[in-house]
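Fold and contact review
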Amino acid sequence: MIDMHVHFFPPGVFQAIWRYFETPGNGLWNIRYKLHGSQHVEALKREGVKRFTSLLYAHKPGLAGYLNDYIRESSERFPELLPFGTVFAGDGHSEKVARRIFEEYKFYGIKLHPFVSNENLDDPRFFPVYETMEDLGKILICHPSSVPAYQRTDGAKRLRNALNEFPRLKVVVAHCGAYEFGDYNALAQDFEYLYFDTAMNCVHTESLPNNCPGREFFFKNQDRIVFGSDFPNIPHSYANQVEALNSFNLGEIIERKIFNDNAIKLLGLNQE
Ligand SMILES: [Zn+2]
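Residues numbered from 1 in each chain as written. Predicted model: local features only at pLDDT ≥ 70, side-chain atom pairs only at ≥ 80, totals over all residues.

A word on the sheet that holds strand 1 (residues 2–3)
Spatial ordering of the open sheet is given by 1-2-3, a layout of three strands whose pairing is parallel. Strands at the two margins of the open sheet, each flanked by one partner only, are strand 1 and strand 3 (81–82). Relative to strand 3, strand 2 (residues 51–53) runs parallel, the two sharing two bridges. Its bridge partner being in strand 3, Phe 52 is matched across the sheet by Leu 81. (Pairing = 2+ DSSP bridges. Helix = DSSP H or I, 4+ residues; strand = E, 2+ residues; numbered from the N terminus.)

Given below as structure tokens:
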């Protein structure tokens, strides 16, 4: 099993994120797995995960370089990691950063979280990054939709603006684009390399009602959906996410695609 939506921050940054999640009034949840480093890796291996991404993002200038270096170091320690970094447009030199993390660090892609960074996906400062990624076949994992508690719903439109410029860019829309499932479904019709991850979808958690795009969505997009969990920042047990998808009885072939084969193809890995 490959998990395409796992967060991997340095311990101090994780602590700050968990504090934010658990602050009453932020509309979020208590974190079930407060793990980092080797404990984090071991916990996923116990769940049967063979490879997983290292998603992180910056919320202020000057942080992205530190985060990218942490991932580079961690990927040398943990061969299970599929290294993903990030770019903060406000730092400037986006093109240089992209060259460094893709050519020198060999990252598979980047994560962008427009609501946290306050930088839109169609910000032209990202265009040199997208151009490099398109050339090198790198992957953009992004969270442009309004789940769990964001007010704006223009993310699909902004992603479309970016993809109109870079139509061969490989993109994974996190959380199946919840709650704007229709907008992202439409985007998938127009762009061949658009994927979805399942992080926190269809899990019966009180914190996220309407988090499920429905069984038909999984059939229709069976070649574009990759399994993701949002570990470790989740309120439920890891197994709940796996069970939620299995409960649709999609059949062995589609389940294999979602839990393994689509990610192998997207990442360009050899089948093990
Ligand atoms: Zn996430």
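This is not the end of the story, as more comes after the structure.
Considering the environment of Ser 54
Structurally, the position occupied by Ser 54 is in the loop between strand 2 and helix 3 (64–77). Overall, Ser 54 belongs to the buried group, with 25 C-beta atoms counted inside 10 Å. Look past the residues within four positions of Ser 54 in its chain and what remains in contact with it is Val 6, Phe 8, Ile 71, Ser 74, Leu 81, Leu 82, Pro 83 and Phe 84. (Buried ≥ 20, exposed ≤ 12 C-beta atoms within 10 Å, placed from the backbone. Contact = placed C-beta atoms within 7 Å.)

With respect to helix 10 (residues 238–246)
Listing the buried residues of helix 10 in full gives Tyr 238, Gln 241 and Val 242. Taken end-on, helix 10 shows its buried residues confined to a sector of 95°, consistent with a single buried face. (Arc of directions from axis to C-beta.)

Here's the deal with the pairing of strand 8 (residues 194–197)
A two-sided burial pattern is seen for strand 8, the buried positions comprising Leu 194 and Phe 196 on one face and Tyr 195 and Asp 197 on the other. By the bridge criterion, three bridges tie strand 7 (residues 170–173) to strand 8 in an arrangement that is parallel. Counterpart to Val 171 in the pairing with strand 8 is Leu 194. Between the parallel pair strand 7 and strand 8, the chain is carried across by helix 8 (residues 181–190), and the sense of this crossover is right-handed. Here strand 8 pairs with strand 9 (residues 225–226) via two bridges, running parallel. Across the sheet, Phe 196 pairs through a bridge with Ile 225, a residue of strand 9. (Right-handed = clockwise from strand over helix to strand, strands pointing away.)

A few points about unusual backbone geometry
Cis geometry marks the peptide bond from Ala 178 to Tyr 179, where omega comes out at 5°. A cis amide bond, omega 0°, links Phe 231 with the succeeding residue Pro 232. Structurally, the position occupied by Pro 232 is in the loop between strand 9 and helix 10. The backbone phi angle of Cys 202 is positive, close to 65°, even though this residue is not glycine. Structurally, Cys 202 is set in the loop between strand 8 and helix 9 (215–220). Assessed through the 23 C-beta atoms surrounding it within 10 Å, Cys 202 is described here as buried.

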